[in-house]
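Structural description and commentary
Residue-level listing of the chains:
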Amino acid sequence: MKVKYQIKQKIFSLGDGFKIKNDAGEDVYTVKSQLLSIGNKLKILDLSGNELCNIEQKLLKFMPEYKIIISGQEIATVKKKFSLLRHSFVINGTGGDFTVEGNYTGHEFKIKNGNTVVAMISKKFFSMSDTYGVEIDDGQDQVVGLALAIVIDMVCHDQK
């Protein structure tokens, strides 16, 4: 079984916060960006304001690199590989390495851990142009799947 979420397309802009909704349109998580920080920093919070995940850009890197932190532990690192024609990523996590396949710029890709599809990201799930869907297997960590989707979106669509 899959759990579906809705995320805004332009997820990072100065001082923004937004809600992640379930497929019924109900708020399930809040994402807040940190103002006045060097590099991109986001927090995924539950609806009570408890921090579930911290996403931080690693600085002084040739290509974008982010770390995903849960309960003070770095659980994954997302690195964009150098490529002239398309986006390519290396994702190392405590639960194994991940691969990303598909069309990143069109929000049509999947994140895999070995042969297991962890998350599918698609604009096709929702008709609104500023929203895309993330579908995560219910046996996977939902917050990690969302964090990976958010990081890939930031790397592919951040105009800074």
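It should be noted that the structure appears before, not after, this text.
Because the structure is predicted, anything quoted here is derived from the model rather than measured.

**A look at the pairing of strand β9 (residues 96-103)**
For strand β8 (residues 89-93) and β9, the ladder comprises 3 bridges, and the chain directions are antiparallel. Looking at β9, one finds that Asn92 is bridged to Asp97. From the end of β8 to the start of β9, which pair antiparallel, there are 2 residues.

**Side note on the nonpolar core**
Across soluble globular proteins, nonpolar side chains show a tendency to be buried alongside one another. Within the largest apolar cluster, 40 residues are counted, with the highest numbers of intra-cluster contacts made by Ile20, Ile44, Ile55, Ile68, Ile111 and Val134. Here the element with the most residues in this core is helix α1 (residues 142-157); it accounts for 12 residues. When residues no more than four places from it in sequence are discounted, the contact partners of Ile55 are Asn40, Lys41, Leu42, Ile44, Tyr66, Lys67, Ala147, Ile150, Val151 and Met154.

**Some thoughts on the sheet that holds strand β11 (residues 116-122)**
In space, the 12 strands of this closed barrel follow the order β1-β2-β3-β4-β5-β6-β7-β8-β9-β10-β11-β12, with antiparallel pairing throughout. Neighbouring strand axes in the sheet, compared pairwise and without regard to direction, differ in orientation by 20 degrees on average. The pairing of strand β2 (residues 17-22) with strand β3 (residues 27-33) spans 5 bridges and is classified as antiparallel. Pairing of Lys21 across the sheet is with Asp27, part of β3.

Definitions and cut-offs
- Residues numbered from 1 in each chain as written.
- Predicted model: local features only at pLDDT ≥ 70, side-chain atom pairs only at ≥ 80, totals over all residues.
- Heavy atoms only, no water.
- Pairing = 2+ DSSP bridges.
- Helix = DSSP H or I, 4+ residues; strand = E, 2+ residues; numbered from the N terminus.
- Core = buried A, V, L, I, M, F, W, Y, C linked by side-chain atoms within 4.5 Å.
- Buried < 20%, exposed > 50% of the residue type's maximum accessible area, 1.4 Å probe, protein only.
- Contact = heavy atoms within 4.5 Å.
- Axes fitted to C-alpha atoms, helices over the stretch in contact; angles between N-to-C directions.

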